Amino acid sequence: MTDTPEITESTTVQRPKRFLLTSLKVGLPIAFIAIAGGFVYATLTREPPTPPRFEVEPPALLVQVLTMEREPVQFSVVSQGVATPRTRTTIVSEVTGHIVEVSPNLESGGFFTRDEVLARIDPRNYETALKRARADLAKSRTLLQTEQALAAQALDNWNTLQGLSNVNEEPSDLTLRKPQLAEALAELDLNQAALEKAEEDLDRTIIRAPFDGMIVEKLADLGQFVNTGAQIATTVAIDLAEIRLPVSLRDFQFLDLEHFSRDRKIPVTLTADIGHDEPAVWQGTIVRSEGLVNDTSRVVHVVAQVESPYDNTVSHEHTLLFGTFVNARIEGRQAGELYVLPRHAIYDGDTVWVVDDTDEIYPRELTIIRSDRNSAYISEGLDEGELVCITPIDQPLPGMRVKYSE
């Protein structure tokens with residue numbers, strides 16, 4: 001017979017307590033997790049507070065302005081060219097023979113004066129020819145005198161014969177020896193011309209400088225045999241330098257070329273970098289226009305002259321060597337009183353930005369009569385005292401605020 005456990009009152013009371021403890025151990029963590037999750041969720045889903053809004057004024061752009069004032073303007077035209085001699089000549093021999101003497105100045109780069117002896121050609125043959133011509137002339141003079149005497153004697157004889165025969169007839173030219181006299185006169189003239197030629201040929205054995213100038217290239221030397229027409233040297237005159245300056249048709253209208261005259265020239269300033277600290281400067285004049293438009297470049301060429309380019313004691317400090325590339329500024333017309341602005345202050349060809357009384361900028365269209373490399377010249381569109389922004393702005397907008405300094 002099996003014994004049944006005895007259920008007592010204490011056993012019945014302990015079972016609910018054990019169950020309650022077990023429930024608490026499981027439920028408390030779950031409840032804590034649920035509460036914490038709800039708190040986190042509420043925190044994450046809650047909208048943040050809206051920060052206060054403040055109106056921030058955009059910063060003003062610092063620019064430079066120019067106060068508009070009309071000023072008298074005289075236009076000038078800029079061009080470039082190369083200094084060249086006005087006169088360039090090749091000296092040639094006019095006779096034949098050996099060169100027996102050469103001047104020390106007959107060298108490339110040598111300077112000479114007008115009528116200076118540059119070379120001599122052996123004159124002996126021409127001295128002989130001169131003596132022969134003089135002898136022929138003397139003979140022709142004797143022959144002429146003889147014929148004149150014979151002609152006079154023939155006339156006397158004819159008159160005597162007419163007196164004896166009482167016959168009044170006109171003598172023939174042959175009777176009076178007129179053909180022989182004419183032949184003697186022609187012979188005299190021929191020999192006179194031969195003498196003059198012999199003298200000139202002898203003088204041509206001395207080769208003289210035709211002007212004050214410089215030797216560019218020496219083409220013959222001592223002992224060389226030259227024929228008539230042989231080149232001795234290439235020379236240039238140094239009295240004037242000429243610079244051929246191209247001018248566009250747009251700029252040509254600003255030059256006062258209608259009033260060219262011998263007494264009035266257009267001033268031009270020439271500059272070049274020749275290795276000194278400052279560019280060399282020469283003053284010249286525009287003396288003529290070539291008077292036609294180049295078919296290819298569509299420009300008109302004007303010619304400037306500089307006096308005594310190799311004499312730096314005249315009107316300039318530096319020698320203007322032929323072949324020097326120079327920049328030219330030609331004095332142009334008087335344009336009256338205009339507004340002058342830097343060219344970089346112009347937008348879209350004819351617009352500037354004007355600063356108003358509230359320090360805001362607004363666009364203004366202008367009437368520009370001319371623009372050069374640095375400046376624009378305005379006749380209409382601005383008023384005296386207005387402020388124009390001359391600082392380049394990348395993307396200017398109407399109403400943009402600026403700070404400025406003049």
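So, here is what we can say about the structure in this document. (Residues numbered from 1 in each chain as written. Predicted model: local features only at pLDDT ≥ 70, side-chain atom pairs only at ≥ 80, totals over all residues. Heavy atoms only, no water.)

Comments concerning the pairing of strand β18 (residues 367–371)
The cut-off we apply is this: Pairing between strands requires that DSSP locate at least two bridges from one strand to the other. The helix count covers DSSP runs of H or I at least four residues long, the strand count covers runs of E at least two residues long, and both are numbered beginning at the N terminus.
Where β18 lies against strand β19 (residues 375–380), four bridges are found, and the strand directions are antiparallel. Paired with Ile 368 across the strands is Ile 378, a residue of β19. Where β18 folds back onto β19 in an antiparallel hairpin, the turn is made up of three residues.

A few points about helix α3 (residues 178–204)
Short version of the rule: To estimate the expected span of a helix, count its residues, drop one, and scale the result by 1.5 Å. Remark: exposure states derive from per-residue accessible area (1.4 Å probe, protein chains only) relative to the maximum for the residue type, with buried under 20%, exposed over 50%, and partly exposed in between. Pairs of residues are marked as contacts when any of their non-hydrogen atoms sit within 4.5 Å.
Taking 1.5 Å of rise per residue, 27 residues should cover 39 Å, and α3 covers 39 Å from first to last C-alpha, within 8% of that figure. For α3, the full list of buried residues reads Ala 184, Leu 188, Asn 191, Leu 195, Ala 198 and Asp 201. For α3, the elements touching its buried residues are α2 (124–165).

Thoughts on the nonpolar core
The condition is simple: Residue types Ala, Val, Leu, Ile, Met, Phe, Trp, Tyr and Cys, when buried and joined through side-chain atoms within 4.5 Å, form a set referred to as a nonpolar core.
Membership of the largest hydrophobic core comes to 32 residues, with the highest contact counts inside it found for Ile 243, Leu 245, Val 268, Leu 270, Trp 282, Ile 286 and Ile 330. Excluding anything up to four places from it in sequence, Trp 282 contacts Val 268, Thr 269, Leu 270, Thr 271, Ala 272, Ile 274, Val 306, His 316, His 318, Thr 319, Leu 320 and Val 326. Listed in part, the 18 residues of the second largest apolar core include Ile 91, Ile 99, Tyr 126 and Phe 211.

A few points about the pattern of salt bridges
Worth spelling out the cut-off: The rule for a salt bridge is simple: a side-chain nitrogen of Lys or Arg has to be within 4 Å of a carboxyl oxygen of Asp or Glu.
Inspection of the entire model under this criterion finds 15 salt bridges. Across the pair Asp 203 and Arg 208 runs a salt bridge, and its minimum N-O distance is 3.3 Å. Exposure remark for Asp 203: the relative accessible area of 41% places this residue in the partly exposed category. Residues Arg 370 and Asp 251 are paired through a salt bridge, measuring 3.4 Å at the closest nitrogen-oxygen approach. In this pair, Arg 370 sits in strand β18 while Asp 251 sits in helix α4 (residues 249–252), placing the two residues 119 residues apart along the sequence. By relative accessible area, which is 13% here, Asp 251 ends up buried.

Describing the sheet that holds strand β9 (residues 225–226)
Sheets are built from strands that pair by backbone hydrogen bonding, the pairs being arranged parallel or antiparallel. As summarised here, the arrangement of the four strands in space is β7-β6-β4-β9, forming an open sheet in which the pairing is antiparallel. Strand pairing shows two members of the sheet lacking a second neighbour, β7 (206–208) and β9, which therefore form its edges. Relative to β9, strand β4 (residues 97–102) is paired through two bridges, and the arrangement is antiparallel. Bridge assignment links His 98 to a residue of β9, and that residue is Phe 225.

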